Amino acid sequence: MDSIIVNGIGKRYQIGGRMSFGAFNAGSGKKRATRELWALKNVSFSLRKGNVLGIIGRNGAGKTTLLKILARITAPTEGSAVIRGRVVSLLELGLGFQPELTARENIFLNAVIYDIDRNEVERYFDEIISFAGIEKFVDTPLKHFSSGMYLRLAFSAAVNMRPDILLADEILAVGDIGFQEECLNRLAQAGKSGVTILFVSHDMATVQRLCGQSIHIEEGTIVNSGDSASVIANYQNALLSPVPSRKAEAQRNKYGELISVQLLSKDLQIIGAVRTDESCLLEIIFEILSVPAQMSLEFVVTFYAKDTVAFKSVTDKWFKIEAPGKYAARVEVPKHLLAELEYSVKVGVVLRVNKEEHILVMDNALRFRVYSGIEELNRNISELYRFAGVVKPLLKWDFLKK
Amino acid sequence: MSTDNDIKEVIIKPAAKTNIFHTFTDLWRSRHLVSYFSVRFIQQRYKGTFLGWGWLIIRPLLPAFLSTLIFGKMAKIPSDDVPYMLFFFTGFAIWNMFTTALVFMTRSIRNNRRLFTKLYFPRVIVPITSIAPVLIEFLVTFVMLFIIAAFYFIKEGRFYLNFSPGFFMAGYFVLMAILLIIGVGLWTAVLNAQNRDVRFGLPYFLQGWVFVTPVIYPISFVPQQWKWLVYLNPMTVIVEGYKWSILGKGEVNLAYGLLNVLIVILVFMSGIWFFQKAETAFVDSL
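Bear in mind that the values here come from a model prediction, so they are computed numbers and not experimental data.

How each quantity is defined
Every chain begins its residue count from 1, and numbering advances along the sequence as written. Note on labels: chains are lettered from A, ligands numbered from 1, in written order. Whole-chain, interface and lining totals are the exception, using all residues; otherwise, since this is a predicted model, local features are given only for residues with pLDDT of at least 70 and side-chain atom pairs are given and counted only at 80 or more. Side-chain numbers come from the whole structure's heavy atoms, not from hydrogens or water. Starting at the N terminus, helices and strands are each numbered in turn, a helix being any DSSP run of H or I of at least four residues and a strand any DSSP run of E of at least two. Methods summary: accessible areas were calculated by the Shrake-Rupley approach with a probe of 1.4 Å, and residue burial reflects only the protein chains presented. Here the term buried applies to any residue with accessible area under 20% of the maximum for its type, exposed to any over 50%, and partly exposed to those in between, with areas from a 1.4 Å probe on protein chains only. Residues are treated as being in contact if the distance between any of their heavy atoms lies within 4.5 Å. Like charges within 9 Å and nonpolar side chains (Val, Leu, Ile, Met, Phe, Trp, Tyr) within 5 Å are joined into patches, using only residues over 30% in relative accessible area that form no salt bridge. The term salt bridge refers to a side-chain nitrogen of Lys or Arg lying within 4 Å of a carboxyl oxygen of Asp or Glu. Stacked, tilted and edge-to-face pairs are distinguished by plane angle, under 30 degrees for stacked and over 60 for edge-to-face with tilted covering the rest, among Phe, Tyr and Trp rings (Trp via its six-membered ring) whose centres lie within 6.5 Å. Note on pairing: DSSP must find at least two bridges between two strands before they are called paired. Fitting a line to C-alpha atoms yields each axis, with helices limited to the stretch in contact; the angle taken between N-to-C directions then spans 0 to 180 degrees. The cut-offs work like this: below 35 degrees is roughly parallel, past 145 is roughly antiparallel, 65 to 115 is roughly perpendicular, and the gaps in between are oblique. Left-handed describes a crossing whose near helix is turned anticlockwise from the far helix by less than a right angle; the clockwise case is right-handed. Throughout this entry, Asp, Glu, Lys and Arg are counted as charged residues, while Ala, Val, Leu, Ile, Met, Phe, Trp, Tyr, Cys and Pro are counted as nonpolar. The remaining residues, Gly among them, count as polar. Values of pLDDT, which run from 0 to 100, indicate the predictor's confidence residue by residue. Identification of polar contacts relies on pairs of N or O atoms within 3.5 Å, with a donor-acceptor requirement for protein atoms, meaning one able to donate a hydrogen and the other able to accept it, and with residues adjacent in sequence counted only if both atoms are side-chain atoms. How far a helix is expected to stretch is found by multiplying one less than its residue total by 1.5 Å.

**Q** So what exactly am I meant to see when it comes to the overall build of chain B here?
**A** On a plain count of helices and strands, chain B comes out with 12 helices and 1 strand. N-terminal to C-terminal, the α/β element order of chain B is β-α-α-α-α-α-α-α-α-α-α-α-α. Accessible surface, chain B as shown: approximately 13700 Å² in total, 70% of it carbon and sulfur.

**Q** Teacher, can you tell me more about the overall build of chain A here?
**A** Counting its regular elements, chain A contains 10 helices and 18 strands. Counting every position in chain A, which comprises 402 residues, the buried fraction comes to 49%. Residue pairs in contact within chain A that sit at least 24 positions apart in sequence constitute 73% of those at least 6 positions apart. Accessible surface, chain A: about 19900 Å² in total, of which carbon and sulfur atoms supply 50%.

**Q** Looking at this structure, I do not really get a nonpolar patch on the surface. What am I missing?
**A** Together, B:Trp226, B:Trp228, B:Leu229, B:Leu232, B:Leu259, B:Leu262 and B:Leu266 make up an exposed nonpolar region whose accessible area comes to about 750 Å². The exposure class of B:Trp226 is partly exposed, given its relative accessible area of 46%.

**Q** Before we go on, may I ask you to explain the packing of aromatic side chains in this structure?
**A** A ring pair, where both rings are aromatic, is described by two values, the distance of the centres and the angle of the planes. Residue and element names in this part refer to chain B. Counting across every chain of the model gives 38 aromatic pairs over all chains. With centroids separated by 6.2 Å and ring planes inclined at 75 degrees, the aromatic side chains of Trp-95 and Trp-209 adopt a geometry described as edge-to-face. With Trp-95 in helix α4 (residues 84-111) and Trp-209 in helix α9 (residues 197-209), this pair connects stretches of sequence that are 114 residues apart. When the centroid spacing of 5.6 Å and the interplanar angle of 50 degrees are considered together, the rings of Phe-138 and Tyr-242 count as tilted. Of this pair, Phe-138 sits in helix α7 (residues 132-156) while Tyr-242 sits in helix α11 (residues 234-247), placing them 104 residues apart in sequence.

**Q** Is there a simple way to explain the sheet that holds strand β10 (residues 256-265) of chain A in this structure?
**A** All names here are of chain A. With respect to topology, 3 strands assemble into an open sheet ordered β10-β12-β16, the strand pairing being antiparallel. Every interior strand has two partners, whereas the edge strands, β10 and β16 (325-333), have only one. Geometrically, the sheet is characterised by an average inter-axis angle of 20 degrees between neighbouring strands, direction not taken into account. Bridge count between strand β12 (residues 280-288) and β16: 9 bridges; the pairing is antiparallel. Across the sheet, residue Ile-288 finds its bridge partner in β16, namely Gly-325.

**Q** Even after reading the chapter, I still don't get the pattern of salt bridges, so can you show me in this structure?
**A** Two side chains carrying opposite charge are able to pair once their charged atoms lie near each other. Residue and element names in this part refer to chain A. Under the criterion given, the structure shown has 18 salt bridges over all chains. When the shortest N-O distance is used, the salt bridge between Arg-162 and Glu-127 registers 3.1 Å. Of this pair, Arg-162 sits in the loop between α5 (147-159) and β6 (165-169) while Glu-127 is found in helix α4 (residues 118-132), placing the two residues 35 residues apart along the sequence. The partner of Asp-277 in a salt bridge is Arg-275, with the nearest N and O atoms 3.2 Å apart. For Asp-277, a relative accessible area of 22% puts it in the partly exposed group.

**Q** Would you explain the sheet that holds strand β7 (residues 196-200) of chain A in this entry?
**A** Backbone hydrogen bonds are what pair the strands of a sheet, in a parallel or an antiparallel way. All names here are of chain A. Strand order in the open sheet formed by 6 strands is β5-β6-β7-β3-β8-β9, with mixed pairing between adjacent strands. Unpaired on one side and paired on the other, β5 (87-90) and β9 (221-227) mark the two borders of the sheet. Recorded for the sheet is a direction-independent mean angle of 15 degrees between the axes of neighbouring strands. In this sheet, β7 lies alongside strand β3 (residues 52-56) in parallel orientation, the contact comprising 4 bridges. Along β7, the bridge assignment pairs Val-52 with Ile-197. Its contacts with the sheet place helix α6 (residues 177-192) against β3, β6 and β7, and it is angled at close to 145 degrees to β7.

**Q** I tried to follow the packing of helix α1 (residues 20-29) of chain B against helix α12 (residues 254-285) of chain B on my own but got confused; where do I start?
**A** Think of two packed helices as two axes; the pair is described by the angle between the axes and how far apart they sit. All names here are of chain B. Look at α1 against α12: their axes get within 9 Å of each other, and the N-to-C directions meet at 85 degrees. Considering their axes alone, α1 and α12 lie roughly perpendicular with respect to each other. Contacts between α1 and α12 involve Ile-20, His-22, Thr-23 and Phe-24 from the first element and Phe-268, Met-269, Ile-272, Trp-273 and Gln-276 from the second.

**Q** Which parts of the structure should I look at to understand the pairing of β3(A)?
**A** Within a regular beta strand, the side chains point alternately toward one face of the sheet and then the other, so they alternate between its two faces. Residues and elements named next belong to chain A. Extensive coverage of β3 is indicated by the burial of 5 of its 5 residues. Neither face of β3 is exposed, since Val-52, Gly-54 and Ile-56 on one face and Leu-53 and Ile-55 on the opposite face are all buried. Across 4 bridges, β3 lies against strand β8 (residues 213-218) in parallel orientation. Bridged to Ile-56 within β8 is His-216.

**Q** Mind showing me how you'd approach the packing of α4(B) against α11(B) here?
**A** Residues and elements named next belong to chain B. Contact geometry of α4 with α11 gives a least axis separation of 9 Å together with a crossing angle of 135 degrees. Of the possible angle classes, the one that applies to α4 and α11 is oblique. For the pair α4 and α11, the sense of crossing is right-handed. Residue-level contacts link Leu-86, Phe-87, Thr-90, Gly-91, Ile-94, Trp-95 and Phe-98 of α4 to Met-235, Ile-238, Val-239, Tyr-242, Lys-243, Ile-246 and Leu-247 of α11. A class-by-class count of the residues in the contact of α4 with α11 yields 11 nonpolar, 2 polar and 1 charged.

**Q** Teacher, can you tell me more about the confidence of the model for chain A here?
**A** Atomic detail in the predicted coordinates should be set aside for any region of low pLDDT. Residues and elements named next belong to chain A. With 87% of its residues at a pLDDT of 70 or more, chain A shows a mean pLDDT of 82. Across chain A, element-level confidence peaks in β16 with a mean pLDDT of 93 and bottoms out in helix α1 (residues 22-28) with 44. Taken as a whole, residues 17-32 scores under 50 in pLDDT and shows 27 contacts with residues more than four places along the chain or in a different chain.

**Q** Explain the side chain of A:Glu283 to me, please; I cannot follow it from the model alone.
**A** Residues and elements named next belong to chain A. With respect to the element layout, Glu-283 can be found in strand β12. A distance of 2.7 Å separates a polar atom in the side chain of Glu-283 from a polar atom in the side chain of Arg-330. Aside from chain neighbours lying at most four places away, what touches Glu-283 is Ser-260, Val-261, Gln-262, Leu-264, Ala-328, Ala-329 and Arg-330.

**Q** Explanation requested: α7(B) in the structure shown.
**A** In an α-helix, one full turn covers 3.6 residues, which means residues spaced three or four apart are oriented alike. Residues and elements named next belong to chain B. In a regular helix each residue adds 1.5 Å, so 25 residues correspond to 36 Å; α7 covers 36 Å between its end C-alpha atoms and thus fits that length. Within α7 the residues assigned to the buried category are Ala-132, Pro-133, Val-134, Glu-137, Phe-138, Val-140, Thr-141, Met-144, Leu-145, Ile-148, Ala-149 and Tyr-152. Tucked inside the fold, the buried residues of α7 contact α2 (31-46), α3 (54-74), α4, α6 (125-129), α8 (169-194) and α11. A positive backbone phi angle near 70 degrees is found at Gly-157, which sits one or two residues after α7.

**Q** Help me understand unusual backbone geometry, please; the structure alone is not making it clear to me.
**A** Keep in mind that most residues, glycine aside, have a negative phi and that most peptide bonds are trans. Residue and element names in this part refer to chain A. With phi around 50 degrees, Glu-219 is a residue other than glycine that occupies positive phi space. Turning to its location among the elements, Glu-219 is positioned in the loop between β8 and β9. The phi angle at His-336 is positive, at roughly 55 degrees, despite the residue not being glycine. When you line up the elements, His-336 lands in the loop between β16 and β17 (342-353). Look at His-336 and you get partly exposed, because its relative accessible area is 28%.

**Q** How should I be thinking about the pairing of strand β18 (residues 356-371) of chain A in this particular structure?
**A** All names here are of chain A. Bridge analysis of strand β11 (residues 273-275) against β18 gives 3 bridges, and the strand direction is parallel. Bridge assignment links Arg-275 to a residue of β18, and that residue is Tyr-371. In the sheet, β17 pairs with β18 via 11 bridges, with the strands oriented antiparallel. Among the inter-strand pairings, Val-345 is bridged to a residue of β18, identified as Leu-366.

The following block contains the structure:
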């Protein structure tokens, strides 16, 4: 049986202009001089019960809008959809959690928000706690939880509510690799037991692993659909710039080779995303092939966000290299610097041999997302404070009387 | 997981034509959520205050003392043969519930933006339950009425509260006030979600409104030729009626009472209608 049928869904947003009485006009169909944007146009697909569908596409392609419509957070402008069964949306983990309340209380609150009976939750309670691995902290207020525990609980409380349909948006990019792994296994298991899952992600390896089929959305329409392997291959071909030979050249020369770049948490776990209130490390792994004479190194990292250079950072000294071998350079990215965006990083290693400079470059060496910290999640952010820009540094303020 | 036969099917369509009665069925089906949000709003109100629940008693008393001094003693405004303090406190209690609740409702959507943009639930619950703390405060003023009356009983040997069947009409006037708050508040909450002018303008508007409502003066104080104007204000009948129920003094007129029901129901329905109509647009613009 189909558990989701989407039929010609379209969503129009009105942008700009003062929305003063927009509410009136939206219903009456009067046209105003605002710019219109179709976030989705004529999207149709259906999904059988127990299938896991990957949704891929660039940022702003309309993936989240689609999930929001299916989660009934926003209404479509045209088209219709049929949803069969209980929907649990993982659009944002831990929404509605109250830091002052204990884990136990929050689980019941969460159930209220999903409109699930108290008796029913009691039956799942032990499972939620044990999957989250917080048996010892059941009666501890959430404000004392580490961010990892918080996320575990949030994921566990959502996924163990016996949904028929799960809508997951990029959530698994948060947390350490071990936790991501557990979540993925749990989702895969849910899929096998008959839960229908829509899974939005930028992580192609995960999509391929978890989802039998995928759809590729570009500018609000489905441009490709079918089995995940071929949809992903097509998508990646479209994304990659067609100059791989030159890039390979730049990554390697006779003195050295740039091997890989990865993102680490402050306790040196490999992670795929980071939160604004946590610092992270970039690790650049490279190999020095030969050291003919005196050799020193300098590193340059460039962070891109929203198609522009967010910032660039250069090492403040030259590092001496005495022997060939594999090396790693780590640079700490402090907390409260990055904004809630997707960043890509370009890495350059400058090898100075006999006053000559040989540069190794890796374009698009790393791509990762930054998420809001817990405190920010629980703050009511006024219009005035809404974020703009490509970095979000926390500056030091002083207040004095003059 | 639900079994196949009790599976719930939902059809998602463009914002449907407004049906006011859906709001009532939604509210009933999500009654757990209604109580959750009510409790949450009440807790938020008093969290982090030193005096905590003590504010419940201080807040209504202070204006009552000041007004008794200024309007009762100095300006000598009549108070239907009831001590001015008691007279003012009764009317002010329900008027204050009205204005405070309206301010709360107006801010409610904007203050809970994250919930609106990340979660599906009958959203009308948020503005409606945001008045829960105000209702608690109102109940406290109701208890305080008895204490003040007891004070005058000791002082003057006369008990001013009116224990006739009319006393129970107080509940009716409170209900009318709540319906009016919800009606007006749904408009201001939605408009405030899109345009901050409402938030700045509302307090001024309310400050003016109090002067055409019999709070600091009894309706008998209004010259006959202006009375119709005062009665156009739906809060007039509510405040005067509440004082009449509690104190047994004041003018209550069946014709004006019926007109009032009509106005209140119309405003209430229009609020729900407007909220439904605007829902998609304001959620997208948050």
